[in-house]
Protein chains: 2
Amino acid sequence: MQIILLSGGSGTRLWPLSNDSRSKQFLRLLPKENSEERESMLQRVVRQIREANLNSPITIATSITQYDAITSQIGEEVDIVTEPERRNTFPAICLACEFLSKVKKCADDEVVVVMPCDPFTDRGYFSTISKIGKYVSENLANLIFMGIHPTYPSSKYGYIIPSTKLEQDTFSVRKFIEKPNTTEAEKLISNGALWNGGVFGFKLGYLTQIARKYVESESFDEIRNRYNGYPKISFDYEVAEKASSTAVTEFNGKWYDLGTWNTLVEELKTNTFGNITTDGKGKNTHIINELDIPLMCIGTSNLVIAASPDGILITEKNLSENIKEYADKLKRRPMYEERRWGTYKVMDLSEYPDGFFAMTRLLKIKAGTTISYTDINSRKITLNFIDGQGEIQKEDTTMPIQRGLTISIPKNLSHSIKASTDLSVVEVITGSDIYDLGIPDILFM
Amino acid sequence: MQIILLSGGSGTRLWPLSNDSRSKQFLRLLPKENSEERESMLQRVVRQIREANLNSPITIATSITQYDAITSQIGEEVDIVTEPERRNTFPAICLACEFLSKVKKCADDEVVVVMPCDPFTDRGYFSTISKIGKYVSENLANLIFMGIHPTYPSSKYGYIIPSTKLEQDTFSVRKFIEKPNTTEAEKLISNGALWNGGVFGFKLGYLTQIARKYVESESFDEIRNRYNGYPKISFDYEVAEKASSTAVTEFNGKWYDLGTWNTLVEELKTNTFGNITTDGKGKNTHIINELDIPLMCIGTSNLVIAASPDGILITEKNLSENIKEYADKLKRRPMYEERRWGTYKVMDLSEYPDGFFAMTRLLKIKAGTTISYTDINSRKITLNFIDGQGEIQKEDTTMPIQRGLTISIPKNLSHSIKASTDLSVVEVITGSDIYDLGIPDILFM
């Protein structure tokens, strides 16, 4: 069995911790059982898959902007397929399936289970996934969904209406219902409808047959290059609702969507993270401070407070679902990112009316990594090394890095930096071409 | 008449906006009448003295750490006398009076009124000051205090018990009472006691006669050098309580101590300052954001929220008097300061176990000022000029400043920077002698 993990979204519901490159699944906030460590939703689901002994290789379908964060968080133990552009779930799943077929040479009857990377679940969820895989391999249906037992009449999820029983916990599907309103949801639930949790299994050939109606080639690279040949449509619309043989396997365990602050903080076990001072009189207040400066909270009830280089949030807990509307308007370049080589934080970004800009970042470069400054056209970069060891290479010369060393990189000259221990660097970029900075991949190879 | 304004205190009751160098009287938060501008308590009191046509020269008695902020806020229109060390109000007033006597050559019968710079008052307050001056010149008493009509039984103030009537609103003093508890305060008020607001007038010779029991010299500089010859004691203990001829002039107008967040925010007129997004549903919530990053507030009631480079505060309004206890424990070097030449903000301060440190600051240098880096022993300084024009001088050579210019100043070499327009500079300091940085005066002349 192959698992495709969908890692999408650049949601602003967890602003200011989530940003354009740091989706909610990358926040290292969740407590690990029997450990002081914290892990992200992505790290948690990969660990859970391993612990459930599914023994299935994982392929992550994502966008290019998430490649660095995924590599940094779970290393080399998964394959990553990146979409050249965001097009919706159907194209993303097609591309990942073609990767399994053309690059990993999986057979057409290989069982594939697709799942999101962000629900907060327990072991039973992975047993159900295992069961879906088994039913697919036994041809119980072409397409088998997981149906989550609803706990309230949500208008945020799609619903699946089961029909004839096929196995003890599996039914054929009568109908898929898109997000209903709350009244409709109540009615659906009283009639036995289940939430569509975005988990489904099929045989690889079943999906590639549909995919190849749009894009067909022997070469995966060519398929990827022709990615805009797939229609911008969801998997549910393009595949599930048209399918003639669909089933749903019921799951009745722990399943939370930690997509908003009020739901996320309930799973954090502790009420405070980071440099925080309180008078101990706060009631039901959760505080996360990712900034270096102290945060003090005196009294207060039922709040979520979160501070990061992207901003500061103070919200009543029961209103925290509303922040998206306001956070979307605050969108600007991420002020913090996790990259393959480490992390950076923007400390100052000054933009002037004539187009000139200056950006000062604190870079934390991980030992063993190498980064290169290339293709610097209209920018000047000054690096102030403040901690760690390594070397800097410029054309044919190599120089050791030491504390207090300052290097200015003139335009059109390439440098590479090799970190032998963790490096801290204050980088000042000035120039007149800020818009290139939206894609810092150009700067770091 | 001469006015001595006492500018003291490095209180933490308005943390994180106030810090060791930025006392509450320097916060530019107060609305100016008929203007969009904001002013500090110090700027307000100096403006009010001018508007009341007191026509009295002002001498500010303060500590060396406040010299830059005072000069930056009210320019050259006042004299500033700095204590070489903090010793309490009696020595500070002695030094200021000796300055009036020896440097400004005031006569012994010159009337002097001493007042604090931080109460929030209206015009009647200054009329009362004028009246105190008149009564002193008429020898109604040697020492005449302002007695504030109490509005509640405060345990934060000293009380003055009036006795025989001398003029319509002026009485001889029966007794000074130090801060009482609330029950005692209630009793005092019912017996006609007044608050001691720290405003008092006397003839210059009256005070210098007392001062010269401790330090006497013809030279003001020598008096200042022998400042530790004055006892560490308050004016009330050393002078007022021992005086044989004291009076109190009643003041029954607006007089607020804006020393805590709950009292200050009531005078701000608007509920938000700075980069703030709200859903408009907050009730009785005041937000001040001095950081560049956005602050979002959704819902919430009865809070004060304040963010600065020194930290972030979220407090229930009625508990805001309690923050001092916690803020005192958070004390570290100021992360923001107003200086003669402009302002700076610390963006990163990294300290390592072996004593090495790196500090990155954003300097805003005002047009027309010159600053010098001198006496740099164990530090290396890199300046990244990001906006503005001027020139940098190093020994005999002069170089124009331009955007994108990077200058490293090696140890033991002096540089001076002359700003012809406002300059923005990212400065990176590395070295092994962080403790010197507590007095950035060494760096900037």
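Quick note: structure is the one above.
Residues numbered from 1 in each chain as written. Chains lettered and ligands numbered in written order. Predicted model: local features only at pLDDT ≥ 70, side-chain atom pairs only at ≥ 80, totals over all residues. Heavy atoms only, no water.

Caption draft 1: Just the overall build of chain A, in detail. Scanning chain A from N- to C-terminus turns up ten helices and 29 strands. Taking 445 residues into account, the globule formula puts the C-alpha radius of gyration at 22 Å, and chain A, at 24 Å, falls close to it. Burial status across chain A gives 59% buried among its 445 residues. (Helix = DSSP H or I, 4+ residues; strand = E, 2+ residues; numbered from the N terminus. Rg over C-alpha atoms; globule rule 2.2 N^0.38 Å. Buried < 20%, exposed > 50% of the residue type's maximum accessible area, 1.4 Å probe, protein only.)

Caption draft 2: Focus on unusual backbone geometry. Residue and element names in this part refer to chain A. Here the residue pair W15 and P16 is connected by a cis peptide bond, since its omega of 5 degrees sits within 30 degrees of zero. Checked against the element boundaries, P16 lands in the loop between β1 (2-6) and β2 (30-31). With a phi angle near 55 degrees, N53 is a residue other than glycine that sits in the positive phi range. Its place among the elements puts N53 in the loop between α1 (41-51) and β4 (58-63). What makes N53 exposed here is its relative accessible area of 57%.

Caption draft 3: Seen up close, the side chain of K102(B). With respect to the element layout, K102(B) can be found in helix α3 (residues 89-103). In this structure K102(B) touches R212(B), S217(B), E218(B), F220(B) and I223(B), once residues within four positions along its chain are discounted. (Contact = heavy atoms within 4.5 Å.)

Caption draft 4: Region of interest: the packing of aromatic side chains. Per the counting criterion, the structure on display carries 34 aromatic pairs over all chains. Aromatic side chains F145(B) and F200(B) sit 5.2 Å apart centroid to centroid with 40 degrees between the ring planes, which places their arrangement in the tilted category. In this pair, F145(B) is assigned in strand β8 (residues 143-148) and F200(B) in strand β11 (residues 194-203), connecting sequence segments 55 residues apart. Like F200(B), F145(B) is buried. The structure contains a cluster of three or more aromatic residues connected by ring pairs, namely F145(A), F176(A), F200(A), F202(A) and F235(A). R361(A) extends its terminal NZ or CZ atom over the ring of Y344(A), reaching a point 4.3 Å from the ring centre. (Phe/Tyr/Trp six-rings, centres within 6.5 Å; stacked < 30°, edge-to-face > 60°. Lys NZ or Arg CZ within 6 Å of the ring centre and 35° of its normal.)

Caption draft 5: Up close: α3(B). Residue and element names in this part refer to chain B. When the terminal C-alpha atoms of α3 are compared, their 20 Å separation across 15 residues agrees well with the 21 Å that a helix rising 1.5 Å per residue should span. Burial analysis of α3 places 13 of its 15 residues in the buried class, which makes it a mostly covered element. One or two steps after α3, the chain reaches K105, where phi turns positive at roughly 55 degrees. (Expected span 1.5 Å × (residues − 1).)

Caption draft 6: The arrangement of the sheet that holds strand β28 (residues 415-419) of chain B in detail. Residue and element names in this part refer to chain B. Read across the sheet, four strands follow the order β23-β28-β25-β26 without closing on themselves; strand pairing throughout is antiparallel. The open sheet is flanked by β23 (370-373) and β26 (397-401), the only strands paired with a single partner. When strand polarity is set aside, the average angle formed by the axes of neighbouring strands in this sheet is 20 degrees. Of the pairings in the sheet, the one linking β23 to β28 comprises four bridges and is antiparallel in character. Note on β28: the bridge partner recorded for T370 is K418. (Pairing = 2+ DSSP bridges. Axes fitted to C-alpha atoms, helices over the stretch in contact; angles between N-to-C directions.)

Caption draft 7: Representation of the sheet that holds strand β22 (residues 357-365) of chain A in the model. Residues and elements named next belong to chain A. Pairing within the open sheet is antiparallel, and its six strands lie in the order β20-β21-β22-β29-β24-β27. Two strands in the sheet have a free side with no partner beyond their single neighbour: β20 (336-339) and β27 (406-409). For this sheet the average axis-to-axis angle between neighbouring strands, irrespective of direction, equals 20 degrees.

Caption draft 8: Expanded view of the relation of the copies chain A and chain B. Mapping chain A onto chain B leaves a residual RMSD of 0.1 Å; the transformation is a rotation of 180 degrees accompanied by 0.0 Å of translation along its axis. Overall, the copies show the geometry of a two-fold rotation axis. Judged by C-alpha distance, M347(A) is the residue of chain A that lies nearest the rotation axis, at 3.1 Å. Looking at the interface residues of chain A, 100% of them are also at the interface in chain B, so both copies use one shared face. (Least-squares fit on C-alpha atoms with pLDDT ≥ 70 in both.)

Caption draft 9: The arrangement of the packing of helix α1 (residues 41-51) of chain B against helix α2 (residues 67-74) of chain B in detail. Residue and element names in this part refer to chain B. For the pair α1 and α2, the least separation of the axes is 10 Å and the interaxial angle reads 50 degrees. Taken together, the axis directions place α1 and α2 in an arrangement best described as oblique. In this structure, α1 meets α2 at a crossing whose hand is right-handed. Two secondary-structure elements touch here, α1 through L42, Q43 and V46 and α2 through I70, Q73 and I74. Of the residues assigned to the contact of α1 with α2, the class counts are four nonpolar, two polar and no charged. (Parallel < 35°, antiparallel > 145°, perpendicular 65-115°, else oblique. Left-handed = near helix turned anticlockwise from the far one by under 90°. Nonpolar A, V, L, I, M, F, W, Y, C, P; charged D, E, K, R; others polar.)

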